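Given next are the chains, with one letter for each unit.
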Amino acid sequence: MIVLSKKIRVRFAPSPTGVLHIGGARTALYNWLFARHHGGKFILRIEDTDRSRSTEEATSAIISSLKWLGLDWDEGPEVGGSYGPYHQTERLSFYEEAVAELLKARMAYKCYCSPEELEERRKLALKSGKPPGYDGRCRKLTEKEQKDYEEEGRKCAIRFACPKEGETIVSDTIRGDVVFQNTVLEDFILVRANGLPTYNFAAVIDDAAMKITHIIRGVDHLTNTPKQILLYEALGLSVPVFTHLPMILGSDGKPLSKRHGATSVEEYKKDGYLPGAILNYLALLGWSYDEKTTIFSVQDLIEKFTLDKITKNPAIFDNIKLQWMNGCYIRELSVDKLMDLLIPIWVDAGFFAKPSDFGIGNLKTITALVQERIKCLTDVLELTDFFFKEEIGIDPKTADKVLKNPEVSKVLEAAHEKLKELEKFDTENVEAALRSIPAELDVKPKLVFQPIRVAVTGRTVSPPLFETIEVLGKEKTLKRIELAQEATEEREGNG
RNA sequence: GGCGCAUUCGUCUAGUGGCCUAGGACACCGCCCUCUCAAGGCGGAGAUCACGGGUUCGAGCCCCGUAUGCGCCA
């Protein structure tokens, strides 16, 4: 494909009716990657003509999600640009102008049918097995009839006068030529009775005015495309290159929705996912580079992304794989960087008010201990709460499993004794002290370390024991062992 | 209802007529490492390439039909 790199212009055009969803994020990503790969421009346009559902909050939410993902735009809200404004509701004059032109050329006409009438006719047509589309009755209205309607006070919508013969071909970069018979394209509405343009119309006018060269969007728009092409042609505008992306589905193969769990970028952020991991995962949902590579930095993606490697098949969104990938990205972080990300999570959980309350050094050690054990940042809470809590509870089942062994009393006693004697309470000394216990008591290592772990952390699963004990410190460690001993004795007394 | 798109391991995918007894990744199972859990290493299982026809010396790959799913008109 010959591409004039400098001139490539693509856009992401969300409707601000809600937060940025995974599907939208992927569309934005592919557009952004394509622009960055070719050194073109990435434009953000807000399609807010549906006034009843569009909100300022949604616009800000989408913008902040895009920023968080690192998908920056060259033109659009906040940054401006020479093809603005970038909100459709501020571009009404563009649409009016185009409508006037089409009406004058008789390629559009006024339709006085009310929504109620249309709905009724649609139902009727369906009932009798006929196509439910608009029948085109207002297309042949005489001037007198129009005048009568106007006098009746009827409002009119503007419809496109679709050619009734021939075919329109959509050349899609990944699906090839898709042919539509013009007869099946009804006279669709350009401007509603309320004066606002429809999606198909506004998008074409704006894409042309903004000199968009490539349109990359979901396949759900594929059947809208012939209508749009007809509009480009009617207005003498050059038709952009189309790429229709496969859908993203939920685990049951149905369209992604709330019941599949998190579906918005915001939620993933809150759950402790990293932007790089989300981008990497999304890039691979419908695109691949070769048969081996899975991990791509943003820079890799920019270098390697091409439209011809996009697949046609819809993809099921797999949270498990995203989690795995997020874990990979967490492991790639420096300890300092990871700690910076973890601190607000600990603070939110109420473990401490500011890092110095617990000690930066300790937090750094803890971070290093959990780095390869968490898939999401928020996983850290469950794994580290015992460090911060003054008192830990040992759940009865855990106690039953680990503390019921007859050797436990001896083990805990020995551990307490040895740790108490330590002058330098660091990992090395703690390890040496505890490692001597199995041989001395002639007990398997596991039967020594597990009870100590449970005593000290309250859990059977924890970060590495010796390091953990160092961070906890002598006082807390000894106290927790004592408490466990008491509990054990009680059990023995009762048992 | 019409039109359109899609269909390779459970999931994401590689595959553009002979390199495919179908490759990789996640998940799963086993072993190694090991104080638990992870991480890491090694290995295993898992796909009659939706189905049925055709074209061809040869088809996952090309053509036709069917089924299923999804989308648009809404």
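That block above? That's the structure.
To keep things clear, this report deals only with the structure shown in the data block.

Calculation rules
- Residues numbered from 1 in each chain as written.
- Chains lettered and ligands numbered in written order.
- Predicted model: local features only at pLDDT ≥ 70, side-chain atom pairs only at ≥ 80, totals over all residues.
- Heavy atoms only, no water.
- Phe/Tyr/Trp six-rings, centres within 6.5 Å; stacked < 30°, edge-to-face > 60°.
- Helix = DSSP H or I, 4+ residues; strand = E, 2+ residues; numbered from the N terminus.
- Buried < 20%, exposed > 50% of the residue type's maximum accessible area, 1.4 Å probe, protein only.
- Lys NZ or Arg CZ within 6 Å of the ring centre and 35° of its normal.
- Pairing = 2+ DSSP bridges.
- Axes fitted to C-alpha atoms, helices over the stretch in contact; angles between N-to-C directions.
- Expected span 1.5 Å × (residues − 1).
- Contact = heavy atoms within 4.5 Å.
- Polar contact = N/O pair within 3.5 Å; in protein donor to acceptor, adjacent residues only side chain to side chain.
- Near = heavy atom within 4 Å.
- Nonpolar A, V, L, I, M, F, W, Y, C, P; charged D, E, K, R; others polar.
- Left-handed = near helix turned anticlockwise from the far one by under 90°.

### With respect to the packing of aromatic side chains
Here is step 1 of the chain: With the rule as written, the count across this model stands at 19 aromatic pairs.
Here is step 2 of the chain: Between Tyr268 and Phe317 the ring centres are 6.0 Å apart and the planes differ by 50°, which places this aromatic pair in the tilted class. Separated by 49 residues along the polypeptide, Tyr268 in helix 8 (residues 265-270) and Phe317 in the loop between strand 11 (315-316) and helix 11 (319-332) bring together distant segments of the chain. Just as Tyr268 is buried, Phe317 falls in that class too.
Here is step 3 of the chain: Consider the rings of Phe387 and Phe388, whose centres lie 6.5 Å apart with planes at 70°: the pair is edge-to-face.
Here is step 4 of the chain: With a relative accessible area of 11%, Phe388 lands in the buried category.
Here is step 5 of the chain: Joined through ring pairs, the aromatic side chains of Trp346, Phe351, Phe352, Phe358, Phe386, Phe387 and Phe388 make up one cluster.
Here is step 6 of the chain: Positioned above the aromatic ring of Tyr30 is the side chain of Arg26, whose terminal nitrogen or guanidinium carbon lies 5.5 Å from the ring centre.
Here is step 7 of the chain: Against the face of Phe94 rests Arg91, its NZ or CZ located 4.1 Å from the ring centre.

### Focus: the sheet that holds strand 4 (residues 157-160)
Here is step 1 of the chain: Pairing within the open sheet is antiparallel, and its three strands lie in the order 3-4-7. At either margin of the open sheet sits one strand with a lone partner, and together these are strand 3 (108-111) and strand 7 (189-191). Going from strand to strand, the sheet's axes swing by 45° on average, the running direction of each strand aside.

### What to know about helix 11
Here is step 1 of the chain: For helix 11, which comprises 14 residues, the first-to-last C-alpha distance of 20 Å matches the rise-based estimate of 20 Å (1.5 Å per residue) to within 8%.
Here is step 2 of the chain: In the core, the buried residues of helix 11 are packed alongside helix 8, helix 9 (275-283) and helix 12 (335-348).
Here is step 3 of the chain: Of the residues that open helix 11, the one with a side-chain oxygen 3.1 Å from the backbone nitrogen of Ile320 is Asp318.

### Considerations on helix 2 (residues 56-69)
Because an α-helix packs 3.6 residues into every turn, residues spaced three or four apart end up facing the same way.
Here is step 1 of the chain: Between its first and last C-alpha atoms helix 2 spans 20 Å; for 14 residues at 1.5 Å apiece the expected length is 20 Å, and the two agree.
Here is step 2 of the chain: Residues Ala58, Thr59, Ala61, Ile62, Ile63, Ser65, Leu66 and Leu69 constitute the buried set of helix 2.
Here is step 3 of the chain: Those residues of helix 2 that are buried lie in contact with strand 1 (9-12), helix 1 (22-38), strand 2 (41-44), helix 8 and helix 9.
Here is step 4 of the chain: At the exit of helix 2 stands Gly70, carrying a positive phi of roughly 90°.

### Regarding the protein's contact with RNA strand B
Here is step 1 of the chain: In the vicinity of RNA strand B, 47 residues are found, and the nearest of them are Lys254, Asn313, Glu372, Arg373 and Arg453.
Here is step 2 of the chain: By atom count, sugar and phosphate contribute 77% of the portion of RNA strand B lying within 4 Å of the protein.
Here is step 3 of the chain: Contacts to RNA strand B include Asp220, whose backbone N or O atom sits 3.4 Å from a sugar or linking oxygen.
Here is step 4 of the chain: For the surface near RNA strand B, the elements supplying multiple residues, two or more each, are strand 6 (176-181), strand 11, helix 11, helix 19 (445-457) and helix 20 (465-472).
Here is step 5 of the chain: With four residues, the top contributor of residues to the surface near RNA strand B is helix 11.
Here is step 6 of the chain: A breakdown of the residues in the surface near RNA strand B according to their chemical character gives 19 nonpolar, 10 polar and 18 charged.

### Here's the deal with the packing of helix 17 (residues 408-421) against helix 18 (residues 427-441)
Here is step 1 of the chain: One way to put it is that helix 17 packs onto helix 18 with a least axis distance of 10 Å and a crossing angle of 145°. The two elements helix 17 and helix 18 cross, and the hand of that crossing is right-handed. Facing helix 17, whose interface residues are Lys410, Val411, Ala414, Ala415, Lys418 and Leu419, helix 18 presents Val430, Ala433, Leu434, Ser436, Ile437, Glu440 and Leu441.
Here is step 2 of the chain: In terms of residue class, the contact of helix 17 with helix 18 is built from nine nonpolar, one polar and three charged.

### Re unusual backbone geometry
Here is step 1 of the chain: That bond from Gly84 to Pro85 is cis: its omega, 0°, falls within 30 degrees of zero.
Here is step 2 of the chain: With respect to the helices and strands, the residue Pro85 is situated in the loop between helix 2 and helix 3 (92-104).
Here is step 3 of the chain: Positive phi, normally seen in glycine, also occurs at Arg106, with a value near 60°.
Here is step 4 of the chain: Residue class for Arg106 comes out exposed when judged on its relative accessible area of 69%.

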